[in-house]
Amino acid sequence: MAKTIYVDNAATTAMSDVAVEAMKPYMKGIYGNPSSLHSVGQKAREELEKAREAVAACIGANAREIYFTSGGSESDNQAIYSAAHNGAAKGKKHIISTNFEHHAVLHTLKKLEGEGFEVTLLPVDKDGLITAKQVEEAIRPDTALVTVMYANNEVGTILPVREIGAVCREKKVTFHTDAVQAVGHIPVDVEADNIDMLSLSAHKFHGPKGVGALYCRRNIPLRTFIEGGAQERGKRAGTENLAGICSMAAALQDAVNHMYENMAKEELMRDILIDGLSRIPHSKLNGDRVRRLPGNVNMCFEGIEGESLLLLLDAKGICASSGSACTSGSLDPSHVLLALGLPHEVAHGSLRLSLCPDNTEEEMRYIVEQVPKVVEYLRSISPVWEELEKGERPHLI
C-alpha cells in the first residue's frame, strides 16, 4: 500500500473540509475584534455567539455556560483550579480523581497538593474502569471536587460518567470530566450525564489546533485564569480566536450530525484490528473490550520495545503511537498501562491505533498483515525474547 495510513487520531486529527471552509470567512472577511463597538466588531461578536450556541447545543448545555479556551489542557486547568479554590473558600481541600487521567489533570492536581490540597487517586481495574461506588466511598465532608475523565486517551476505556455524576450531585460535590477524547465521538449530554464542568478540544474531532472550550454549569463560580481583559465574561482575557472558534463549532456540529454512522464504521474497523492483532502470540488488548471508544485499539506485545515498533511501522507507511502524544518523548512506560497493572517490561511494548471515519477496511487489513511481521522481526533480534522462549524467564502475557 503506497499511501500513508494515519491511525493516530487520538493525538490529533486532520481538519475536515467542513472545518476548513467554516474558517475561511473569518481569515479576511469577518476579521473584527468581537470587543469593538463598531459594526465590523459587532459582526464578529454576532458570529462568536452563534458559535457558542452551536457548541453548547452539541453537548446539551446553555450558551452562557460555554467558555472558549486554547484547548483541553487549559480547560482542565481552569476547571480544576476553579473548583478546588471554590471548595477551599468553604474549608474543603480534598479532591478525588483516578490514577490514569491525562497529565493535564494529574499535573494540575500535583500542583494543588503543593498548595495544601489532599488528592485521592482511585485505582482503576485491569480493564481501566472505576465504579461510582468507589467514588461514593471516597467522598468526604471536605471533598471539593471529583474529576474523572469521560474516556481514556490511551486505552479508550469509557468511564461510567453518568453514574459518577449522579453520586456527586447527591453529595453536592462539583464534578468535572476531561471529555477531550469523547466529545464528537460518542454521545455526550452534560444534563443527562450530571456533569458540572467539562473540557473539550477542537483538534480531536477534525477541528483546528489551539482552540477548545470549557463548559461550566451556571451555579458554579469560574475563576479567572488569564488576566488582562473582559473577554469570555471576564473569565479568560485575550482577543478571541474567532476563526478557530467558528471552525471548531462547525467541526463539532458535523461530528455530532454524523456520529452514529461514524461510530458504526469505526467500530467495524476497530474490531478487524483487535481480532487480527490478538492472534499474535503473547499479545494483549488493553482496556475493556466493550466499554471503549469506537476508534481505539491499544495492544501490548511481549518482548519488544514500542519505539522500535513505531519506527518500523512508519517505514511501512503506518503512522501510529505507543501512548499519549503528550508523553511520547519519554522513555518511561505509560502511566496508564502501569495503572492497569501491566509490568514495566510489558507496558514498554505497547501500540495505540486510533481511527477516524476517513480510514478504510482495506487499511485495517494492511495493518493486520504488517504488524505481525514487524513484531516477529523485533522478537527475532531481541535477547529478552530469546530468554523468554528458552524458558529462562517466564512469559508475562
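Draft legend 1. Main features of helix α2 (residues 39-58). When the terminal C-alpha atoms of α2 are compared, their 29 Å separation across 20 residues agrees well with the 28 Å that a helix rising 1.5 Å per residue should span. Of the residues making up α2, those classed as buried are Gly41, Ala44, Glu47, Leu48, Ala51, Arg52, Ala54, Val55, Ala56 and Cys58. Summarising the contacts, the buried residues of α2 are in contact with β2 (66-69), β7 (197-201), β8 (212-216) and α7 (242-257). Positive phi appears at Gly60, one or two residues downstream of α2, with a value of about 75°.

Draft legend 2. Main features of the packing of aromatic side chains. The tally for this structure, following the rule as stated, stands at one aromatic pair. Over the ring of Tyr67 we find Arg233; its NZ or CZ atom is 4.2 Å from the centre of that ring. Positioned over the ring face of Trp385 is Arg379, at 4.1 Å from the centre of the ring.

Draft legend 3. Inspection of the nonpolar core at higher detail. Among the nonpolar cores identified, the biggest contains 71 residues, and Val146 and Leu198 are the most heavily contacted of them. When near neighbours in sequence (up to four residues on either side) are disregarded, Val146 contacts Ile96, Val135, Ile139, Ile164, Cys168, Val173, Thr174, Phe175 and His176. The next biggest cluster of nonpolar side chains, apart from the first, holds 28 residues, and it includes Ile5, Met299, Leu351 and Leu378.

Draft legend 4. View of the packing of helix α9 (residues 306-315) against helix α12 (residues 361-380). In the contact formed by α9 and α12, the axes pass within 10 Å of each other and the chain directions differ by 130°. With respect to each other, α9 and α12 are oriented oblique. Note on packing geometry: the crossing formed by α9 with α12 is right-handed. Residues Ser308, Leu309, Leu312 and Leu313 of α9 form the contact with α12, whose participating residues are Val371, Val374, Val375, Tyr377 and Leu378. In the contact of α9 with α12, the residues fall into eight nonpolar, one polar and no charged.

Draft legend 5. Structural context of the sheet that holds β7. Judged by pairing direction, the sheet is mixed, and its seven strands sit side by side in the order β2-β8-β7-β6-β5-β3-β4 without closing on themselves. In this open sheet, the two strands that pair with only one neighbour each are β2 and β4 (118-122). Going across the sheet, the axis of each strand differs from the next one's by a mean of 20°, ignoring polarity. In terms of strand pairing, strand β6 (residues 174-178) meets β7 through three bridges, oriented parallel. When the bridges of β7 are listed, His176 appears paired with Met197. Against the sheet, helix α4 (residues 103-114) contacts β3 (94-98), β4, β5 (143-147) and β6, and its axis sits at roughly 155° relative to β3. Here helix α6 (residues 161-171) sits on the sheet in contact with β5 and β6, set at roughly 160° to β6.

What counts, and where the lines are drawn
- Residues numbered from 1 in each chain as written.
- Predicted model: local features only at pLDDT ≥ 70, side-chain atom pairs only at ≥ 80, totals over all residues.
- Heavy atoms only, no water.
- Helix = DSSP H or I, 4+ residues; strand = E, 2+ residues; numbered from the N terminus.
- Expected span 1.5 Å × (residues − 1).
- Buried < 20%, exposed > 50% of the residue type's maximum accessible area, 1.4 Å probe, protein only.
- Contact = heavy atoms within 4.5 Å.
- Phe/Tyr/Trp six-rings, centres within 6.5 Å; stacked < 30°, edge-to-face > 60°.
- Lys NZ or Arg CZ within 6 Å of the ring centre and 35° of its normal.
- Core = buried A, V, L, I, M, F, W, Y, C linked by side-chain atoms within 4.5 Å.
- Axes fitted to C-alpha atoms, helices over the stretch in contact; angles between N-to-C directions.
- Parallel < 35°, antiparallel > 145°, perpendicular 65-115°, else oblique.
- Left-handed = near helix turned anticlockwise from the far one by under 90°.
- Nonpolar A, V, L, I, M, F, W, Y, C, P; charged D, E, K, R; others polar.
- Pairing = 2+ DSSP bridges.

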